[in-house]
Amino acid sequence: MQITYRDDRNFTAEEVEELFLSVDWLSGNYPERAKKALDNCETVFTAWDGDKLVGLINAIDDGELTSYVHYLCVAPEYQGAGIGRELLDRIKEKYKDYLYILLVAENAGLIEYYKQNGFDHMDERFVIMIQNK
């Protein structure tokens, strides 16, 4: 397996759909919207096994102080191979001069993973959201 990393947006809605649905993400049901969202954010790094999209991370930033990691996704059959860590490292490098790099762990099991990759769990902070369907 030879994984290559890119910082372009040369992927299709169908590739995003396949990747997102492989990890049961709701946004995978809206591939055209997900592709448009990715095209409009500041940063996207992707991981490829040949011509197959196997990982993706994106960030939205304010241009100076804070970057928000929105997606970090690695196809299940590629998890544990260091792809997520490499994608996170690329984000950390790009935003090394920012005051904050924030992300939301989708489940408690991911907190330890993110801690191993340099993030701190913020006690007494709460994620508040509205989910429109």
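From a predicted model like this one, the values you see are computed outputs, not experimental measurements.

Draft legend 1. Representation of the sheet that holds strand 4 (residues 66-74). Strand order in the open sheet made by the 5 strands is 1-2-3-4-5, with mixed pairing throughout. The strands lining the two open edges of the sheet, one partner per strand, are strand 1 (3-6) and strand 5 (100-103). Averaged over all neighbouring strand pairs, the angle between strand axes comes to 20 degrees, with direction disregarded. Relative to strand 5, strand 4 is paired through 4 bridges, and the arrangement is parallel. Bridge pairing in strand 5 links Thr 66 to Tyr 100. Packing against the sheet, helix 1 (residues 13-22) makes contact with strand 2 (43-49), strand 3 (52-61) and strand 4, and its axis sits at approximately 90 degrees to strand 3.

Draft legend 2. Quick peek at the pairing of strand 3. Burial of strand 3 is extensive: 8 of the 10 residues sit out of reach of the surface. In this structure, strand 2 lies alongside strand 3, joined through 7 bridges in antiparallel fashion. Within strand 3, the residue paired with Trp 48 across the bridge is Leu 53. What sits between the antiparallel neighbours strand 2 and strand 3 is a turn of 2 residues, in which Gly 50 has the positive phi angle 65 degrees. One ladder, built from 7 bridges, connects strand 3 with strand 4; its direction is antiparallel. Bridge assignment links Asp 61 to a residue of strand 4, and that residue is Ser 67. Between the antiparallel neighbours strand 3 and strand 4 lie 4 residues, among them Gly 63 with a positive phi of about 85 degrees.

Draft legend 3. Just the nonpolar core, in detail. Grouped together as the largest cluster of nonpolar side chains are 32 residues, with contacts concentrated most on Phe 11, Phe 20, Leu 38, Leu 56, Ile 57 and Ile 83. Elements with a minimum of two residues in this core: helix 1, helix 2 (31-40), strand 2, strand 3, strand 4 and helix 3 (83-94). Once you skip the residues sitting within four places of it in the chain, Phe 11 turns out to touch Val 16, Lys 35, Leu 38, Val 44, Thr 46, Trp 48, Leu 53 and Leu 56.

Draft legend 4. Seen up close, helix 1. By the burial criterion, the buried members of helix 1 are Ala 13, Val 16, Leu 19 and Phe 20. Buried residues of helix 1 fall within an arc of 130 degrees about the axis and therefore sit on the same side. On its buried face, helix 1 is in contact with helix 2, strand 3 and strand 4. After helix 1 finishes, the residue Asp 24 shows a positive phi value of roughly 60 degrees.

Draft legend 5. The pattern of salt bridges, seen in detail. Tallied over the full model, the rule gives 6 salt bridges. Taking the shortest distance from any N to any O, the salt bridge between Glu 77 and Lys 52 comes out at 3.0 Å. Placement of Glu 77 in the loop between strand 4 and helix 3 and of Lys 52 in strand 3 is noted, with a sequence separation of 25 residues between them. One salt bridge in this structure joins Glu 86 and Arg 90, with 2.8 Å as the shortest N-O distance. One end of the pair is Glu 86 and the other is Arg 90, both in helix 3 and 4 residues apart, which spans about a single turn. Taking the relative accessible area as the measure of exposure, Glu 86 reaches 27% and is therefore partly exposed. What makes Arg 90 partly exposed here is its relative accessible area of 28%.

How each quantity is defined
- Residues numbered from 1 in each chain as written.
- Predicted model: local features only at pLDDT ≥ 70, side-chain atom pairs only at ≥ 80, totals over all residues.
- Heavy atoms only, no water.
- Pairing = 2+ DSSP bridges.
- Helix = DSSP H or I, 4+ residues; strand = E, 2+ residues; numbered from the N terminus.
- Axes fitted to C-alpha atoms, helices over the stretch in contact; angles between N-to-C directions.
- Contact = heavy atoms within 4.5 Å.
- Buried < 20%, exposed > 50% of the residue type's maximum accessible area, 1.4 Å probe, protein only.
- Core = buried A, V, L, I, M, F, W, Y, C linked by side-chain atoms within 4.5 Å.
- Arc of directions from axis to C-beta.
- Salt bridge = Lys/Arg side-chain N within 4 Å of Asp/Glu carboxyl O.

Coordinates in, geometry out; function isn't part of it.
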